[in-house]
Amino acid sequence: MAGRSAGNTGRTHNAFRLLPGLSSLSFAVQSAFDAPGLVAAVAQHVLELARADNFALLLLDYETGELQGDHFDRGEHTPRGSCRVTPRPGSFLAQVLRRETIIIEDAGSMDEADWRELRGDAHPPAAVVGVPIIVGTSLLGVALLGFNRPLRANARRRRALLFLADLIGLAVDRIRTHAELEQKTVRLEEASASLRRIDEMKSELISVVSHELRTPLTSIKAYTETLIDNVKNPSFVLHEKFLGIINEECDRLTRIVNDVLDLSRMDSGRRRLKSEMVDLSQLLDEVLPTVDPQLLARSLSVARSFAPDLPSIEADPDLLKQVLVNLINNAAKFSRESTPITIHAMPVGERMKIVVEDHGMGIPPDKLARVFERFYRVEEGGAERVGGSGLGLAIVKSVVELHGGTIRVESELGQGSRFVFELPLIQRGFRNLMRSLEPFFETPELRTILSSAVEMVAEVMEARNVSIMFFNEDGTELMIRAAHGLDPDMVARARVKTGASIAGWVAQTCENLLVNDIENDRRFRKLNHPQYETKSLLCVPLRISGEVVGVVNVSSKSTGLPFDQDDLNLLVAISKRVGTALERVRSAGVSGDVYATLNTIRTVIRAKRSYALWSSRRAFKLATDLGRKLGLPDDDLEVLGYVARVHDVGMLAVGEDLILSSRRFTEQERGQLEVHPRDGVRLLQPIEFASRVNEIILSHHEHWDGHGYPRGLTGEEIPLAARILALVDAFEAMTLGRPYRDSVPEAEALAEIRRCSGSQFDPRVVELFEQIMARRGADRGTQAPSRTEVTP
């Protein structure tokens with residue numbers, strides 16, 4: 001009994017000794033606001049409480065996957081040294097990151113590589129403890145304790161270590177919360193700026209519509225006032241004429257309002273087709289009385305040129321009438337008097353080709369691309385302004401595309417114009433579209449395009465798992481048609497009902513989706529699949545010809561970290577290119593587009609795996625952060641992130657021997673190097689549709705003072721995104737090094753960029769870049785990661 005009493009007394013004494021220490025640590029956590037001071041205070045308290053000889057707090061950098069932090073020795077108030085390390089798979093640190101507390105009683109038995117990873121410059125202690133730092137469900141990093149004496153791993157010691165880890169987590173969470181508040185403030189400011197931009201766009205639309213309404217209202221007001229002034233004047237004989245003008249202007253007002261409402265409904269997707277079989281000849285008979293007044297006023301006529309035995313077409317008759325009315329009215333405005341307007345109709349395969357042809361003034365070549373824009377009117381050579389709302393052709397285009405058709409304009413000055421549109425004979429647009437994609441699932445060459453596309457997505461997104469799912473013919477189910485990094489049996493069996501699970505939800509809602517933690521996301525909350533290495537994933541709709549045909553899924557970022565909004569924007573940009581590539585190949589049939597597209601996709605993959613695409617994830621994040629700072633709209637940010645990943649693909653054309661050479665380039669070799677922006681544009685052409693992407697790639701080596709290449713642009717002539725990319729590119733080249741250039745410290749690279757401000761770089765971009773780097777340096781000092789959970 002005496003022995004037991006003594007033991008209990010010892011434990012009681014230890015408990016009383018521990019309580020003041022824990023209270024002191026808790027007070028330090030609550031009272032310290034400056035991050036380095038808090039870390040130092042936590043280190044000294046932990047060293048004292050655990051009776052450890054050295055301590056390290058290593059926090060996770062969510063962007064790079066590295067652990068970074070400081071080492072402290074007992075009795076010292078300043079860190080002994082700092083480290084930044086990427087844990088090797090299966091190493092001591094990697095095991096602790098899997099949320100395991102590990103006690104090594106004899107550090108002499110540790111793997112030498114593990115010790116070098118922990119503290120390669122110090123003498124190994126006798127024992128080492130690694131504890132994960134977790135707050136809630138979020139893994140923040142690890143705490144390491146070293147002992148210069150043997151250590152026995154008992155249950156009591158484990159409980160004490162876990163309790164210490166909780167307090168350390170609270171300290172880190174305090175700093176992190178402060179950092180998050182600052183980030184949210186920045187996001188609120190950005191959202192406010194975005195709302196201001198939207199408000200400006202709304203004001204512009206109101207201004208344009210108001211201008212269009214003002215003309216008929218002014219006429220109505222003027223003629224009404226004249227009538228009122230002459231109501232008792234028996235000599236005034238223009239009552240009937242003025243009332244007719246007022247009636248016409250009221251009709252014009254009605255048309256403008258209806259046109260705006262029609263466009264709004266089609267833009268929002270609220271206008272659906274009410275399809276039935278339509279006889280085009282009969283439909284034209286119903287349209288002619290509507291357009292007769294305008295035709296008669298100019299002695300115009302409508303001639304038909306319909307193919308024999310013209311088949312009926314499945315369409316929305318009301319909308320198709322509107323197309324014909326608008327096109328005939330448009331032709332009447334520009335036709336010479338007493339000339340015919342000819343309507344041609346003929347079947348072409350499974351589509352109906354309809355042409356509305358006039359013999360008017362024609363449209364200048366430089367105006368052709370704009371005729372379907374809202375409120376745009378062709379006014380050439382000082383001709384009298386032609387009336388109308390400026391919305392007729394925009395409505396025509398929307399209706400034709402709603403039917404799954406296409407429209408174009410052909411014109412010759414002085415000869416007239418031809419508006420050519422094609423509609424499917426049977427209005428099974430989605431069903432036909434999905435049928436047209438079947439060769440991609442069956443034909444070897446086209447299947448290769450799909451498999452190469454998922455591989456390209458995986459490389460550019462730096463993800464281990466990618467899949468593309470397509471609808472079945474009736475749109476009720478999704479199936480995986482191409483995958484990278486997934487189990488083949490699972491791919492073959494996978495079926496997702498529309499609206500169900502993640503892919504089905506995205507396919508139904510057509511919304512882009514970012515999930516930080518699938519097991520805790522309230523929308524889905526499901527166990528993570530064993531083959532996925534992280535709980536974070538992305539899913540975006542895949543569109544072809546504006547129609548959602550499936551989804552693109554991306555998971556398991558290669559760094560083991562969660563995806564973020566920039567990753568989502570990047571995937572949206574890539575998915576648009578994949579959709580465009582598939583559409584071009586689908587439309588071209590057996591033409592050479594198959595091989596050109598496949599070659600481009602493989603080029604991007606090859607460039608990403610080789611020396612050609614130098615860009616790192618850090619460069620991608622720096623570019624998008626700079627874009628936000630400079631107020632780029634979301635669409636431009638999406639493009640900037642994408643270009644930051646692929647802009648140097650043209651380096652493949654330069655040649656590996658030259659790029660990997662460590663010697664100085666000759667003038668001839670430098671000339672070869674300076675054409676790589678043009679080569680990049682050329683190589684990406686089969687999958688690239690955005691001219692601004694090509695412009696950024698072409699301009700990212702231009703200098704602010706005009707001494708860059710390939711075109712010698714200067715100042716604001718250089719696209720803002722290209723100016724951003726030029727600076728980030730230079731910083732990457734200096735800090736990461738190249739085969740022909742040694743790397744330099746960040747501070748030295750920043751000094752060089754500052755020196756070149758106003759010559760090579762845009763001064764405003766340099767200023768904001770310095771702010772971002774200063775902020776990142778401060779964040780590294782505070783060691784404050786974001787709240788997103790990491791699953792190793």
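Rules used in this analysis
Residues numbered from 1 in each chain as written. Predicted model: local features only at pLDDT ≥ 70, side-chain atom pairs only at ≥ 80, totals over all residues. Heavy atoms only, no water. Helix = DSSP H or I, 4+ residues; strand = E, 2+ residues; numbered from the N terminus. Buried < 20%, exposed > 50% of the residue type's maximum accessible area, 1.4 Å probe, protein only. Contact = heavy atoms within 4.5 Å. Areas by Shrake-Rupley, 256 points an atom, 1.4 Å probe, with all protein chains shown as cover. Salt bridge = Lys/Arg side-chain N within 4 Å of Asp/Glu carboxyl O. Pairing = 2+ DSSP bridges. Axes fitted to C-alpha atoms, helices over the stretch in contact; angles between N-to-C directions. Core = buried A, V, L, I, M, F, W, Y, C linked by side-chain atoms within 4.5 Å. Phe/Tyr/Trp six-rings, centres within 6.5 Å; stacked < 30°, edge-to-face > 60°. Parallel < 35°, antiparallel > 145°, perpendicular 65-115°, else oblique. Left-handed = near helix turned anticlockwise from the far one by under 90°. Nonpolar A, V, L, I, M, F, W, Y, C, P; charged D, E, K, R; others polar. Expected span 1.5 Å × (residues − 1). pLDDT = per-residue confidence, 0-100. Polar contact = N/O pair within 3.5 Å; in protein donor to acceptor, adjacent residues only side chain to side chain.

Chemist: Explanation requested: the overall build of the protein in the structure shown.
Modeler: For the protein, the count of helices and strands is 25 helices and 19 strands. The buried share among the 792 residues of the protein stands at 48%. Across the protein, the fraction of contacts at a sequence separation of at least 24, relative to all contacts at a separation of at least 6, is 65%. Entry remark: accessible area of the protein is about 38300 Å², with carbon and sulfur atoms responsible for 51%.

Chemist: Which parts of the structure should I look at to understand the pattern of salt bridges?
Modeler: Summed over the entire model, instances satisfying the criterion amount to 26 salt bridges. The salt bridge involving arginine 149 is made with aspartate 53; its shortest N-O contact spans 3.9 Å. A residue pair is termed long-range when its members are at least 10 positions apart, and arginine 149 in the loop between strand E6 (138-147) and helix H5 (155-229) and aspartate 53 in the loop between helix H2 (35-50) and strand E1 (54-60) qualify at 96 residues. Across the salt bridge formed by arginine 754 and glutamate 770, the nearest N and O atoms sit 2.4 Å from each other. You can see arginine 754 sitting in helix H24 (residues 746-755) and its partner glutamate 770 sitting in helix H25 (residues 763-782), a full 16 residues away along the chain. Judged by its relative accessible area of 45%, arginine 754 is partly exposed. Three or more residues joined by partner-sharing salt bridges are found here, namely Asp564, Asp566, Lys621, Asp625 and Arg628.

Chemist: Looking at this model, I keep getting lost on the sheet that holds strand E8 (residues 301-306). Mind explaining?
Modeler: Note: strands within a sheet are paired through backbone hydrogen bonds, in either parallel or antiparallel orientation. Read from one edge to the other, the open sheet built from 5 strands follows the order E8-E10-E11-E13-E12, with strand pairing classed as mixed. Whereas interior strands pair on both sides, the edge strands pair on one side only; in this sheet they are E8 and strand E12 (406-412). With strand direction ignored, the average angle separating the axes of adjacent strands in the sheet is 15°. When strand E10 (residues 340-348) meets strand E11 (residues 351-357), the two strands line up antiparallel, connected through 7 bridges. Note that in E11 the partner of proline 347 across the bridge is methionine 352. Along the sheet face, helix H8 (residues 317-334) touches E8, E10, E11 and strand E13 (416-424) and points at about 170° away from the line of E13.

Chemist: Hey, could you run me through the sheet that holds strand E15 (residues 477-484) in this one?
Modeler: Across the sheet, which stays open at both edges, the 6 strands sit in the order E16-E15-E14-E19-E18-E17 with antiparallel pairing between neighbours. Among the strands making up the open sheet, the edge pair consists of strand E16 (495-497) and strand E17 (513-515). In this sheet, neighbouring strand axes are inclined to one another by 25° on average, regardless of whether the strands run parallel or antiparallel. Sheet topology places strand E14 (residues 463-471) next to E15; 6 bridges connect them, and they run antiparallel. From the neighbouring strand, methionine 469 faces E15, where its bridge partner is isoleucine 480. Contacting E14, E15, strand E18 (537-544) and strand E19 (547-557), helix H12 (residues 444-461) crosses the sheet at an angle of about 140° to E14. Here helix H14 (residues 501-509) sits on the sheet and contacts E14, E15, E16, E17, E18 and E19; the angle it forms with E18, its principal contact strand, is near 40°.

Chemist: I tried to follow the nonpolar core on my own but got confused; where do I start?
Modeler: As a rule of thumb, soluble globular proteins bury nonpolar side chains together. Formed by 107 residues in total, the largest nonpolar core has its most connected members in Phe470 and Val554. With near-sequence residues (within four places) excluded, phenylalanine 470 lies in contact with Met434, Leu437, Phe441, Leu450, Glu477, Leu478, Met479, Arg481, Leu542, Val549, Gly550 and Leu582. Listed in part, the 41 residues of the second largest apolar core include Val287, Leu288, Ile363 and Val371.

Chemist: What am I meant to see in unusual backbone geometry here?
Modeler: Trans is the common state for peptide bonds, and a negative phi is the common state for residues other than glycine. Of the consecutive residues tyrosine 709 and proline 710, the connecting peptide bond is found in the cis state with omega at 10°. Mapping proline 710 onto the fold places it in the loop between helix H22 (691-699) and helix H23 (720-736). With phi around 50°, aspartate 309 is a residue other than glycine that occupies positive phi space. Here aspartate 309 falls in the exposed class, since its relative accessible area comes to 79%.

Chemist: How do you make sense of the packing of aromatic side chains when you look at a structure like this?
Modeler: Two measures describe an aromatic ring pair: the distance that separates the ring centres and the angle between the ring planes. Summed over the entire model, instances satisfying the criterion amount to 5 aromatic pairs. The interplanar angle of 75° and the centroid separation of 4.7 Å between the aromatic rings of tyrosine 223 and phenylalanine 242 together place this pair among those described as edge-to-face. Pair noted here: tyrosine 223 is in helix H5 and phenylalanine 242 is in helix H6 (residues 239-268), with a separation of 19 residues, a long-range link. Judged by relative accessible area, tyrosine 223 falls into the partly exposed class, the value being 26%. Centroid distance phenylalanine 372 to phenylalanine 419: 6.1 Å. Interplanar angle 85°. Geometry classified as edge-to-face. Here phenylalanine 419 lies in strand E13 and phenylalanine 372 lies in the loop between E11 and helix H9 (392-402), a separation of 47 residues in the sequence.

Chemist: Even after reading the chapter, I still don't get the packing of helix H17 (residues 617-629) against helix H18 (residues 634-646), so can you show me in this structure?
Modeler: Between two packed helices, the angle of one axis relative to the other and the distance separating the axes together describe the packing. Contact geometry of H17 with H18 gives a least axis separation of 9 Å together with a crossing angle of 155°. Of the possible angle classes, the one that applies to H17 and H18 is roughly antiparallel. Here H17 runs over H18; the crossing is right-handed. Contacts between H17 and H18 pair Arg617, Phe620, Ala623, Thr624, Gly627 and Arg628 from the former with Leu637, Leu640, Gly641, Ala644 and Arg645 from the latter.

Chemist: Help me understand the environment of histidine 71 in this model?
Modeler: Relative to the elements of secondary structure, histidine 71 occurs in strand E2 (residues 67-73). With a relative accessible area of 4%, histidine 71 lands in the buried category. Remark: the alpha-carbon pair of histidine 71 and cysteine 83, spanning 12 residues in sequence, is separated by 7.9 Å.

Chemist: Where do I start with the packing of helix H21 (residues 676-684) against H22 in this structure?
Modeler: At their nearest, the axes of H21 and H22 sit 7 Å apart, and the two run at 155° to each other. Regarding the angle of H21 to H22, the classification is roughly antiparallel. Read as a crossing pair, H21 and H22 show a hand that is right-handed. Together, Pro677, Arg678, Val681 and Leu684 of H21 and Asn694, Ile697 and Leu698 of H22 make up the contact between the two elements. The residue makeup of the contact of H21 with H22, split by class, is 5 nonpolar, 1 polar and 1 charged.

Chemist: What is the right way to read H12 from this model?
Modeler: The periodicity of an α-helix, 3.6 residues per turn, causes residues three or four places apart in sequence to face the same way. Here H12 is 18 residues long and its end C-alpha atoms lie 26 Å apart, about the 26 Å a rise of 1.5 Å per residue gives. Residue glutamate 462 follows H12 closely and has a positive phi angle near 55°.

Chemist: Explanation requested: the pairing of E12 in the structure shown.
Modeler: A regular strand carries its side chains on alternate faces of the sheet. Judged from the 7 bridges that link them, E12 and E13 form a sheet pairing that is antiparallel. The residue of E13 that forms the bridge with serine 411 is serine 417.

Chemist: Honestly, the environment of histidine 647 in this entry has me stumped. Any pointers?
Modeler: Among the secondary structure elements, histidine 647 is positioned in the loop between H18 and helix H19 (656-659). We classify histidine 647 as buried; its relative accessible area is 2%. Between the alpha carbons of histidine 647 and glycine 680 there is a distance of 6.8 Å; along the sequence they are 33 residues apart.

Chemist: Help me understand the confidence of the model for the protein, please; the structure alone is not making it clear to me.
Modeler: When pLDDT drops low, the exact placement of atoms in the prediction is not to be read closely. In the predicted model, the protein carries a mean pLDDT of 77, and 76% of its residues have values of at least 70. Counting contacts from residues 1-19, a segment whose pLDDT is below 50, to residues more than four positions away or on other chains yields 4 contacts. Counting interchain partners and residues more than four positions distant, the pLDDT-below-50 stretch residues 380-386 has 8 contacts.

Chemist: Got a minute to help me understand the side chain of glutamate 357 in this structure?
Modeler: Summarising the element assignment, glutamate 357 is placed in strand E11. At a separation of 2.8 Å, a polar atom in the side chain of glutamate 357 contacts the side chain of histidine 344. Each residue touching glutamate 357, except ones within four places of it in the same chain, is listed here: Pro340, Ile341, Thr342, His344, Ser417 and Arg418.

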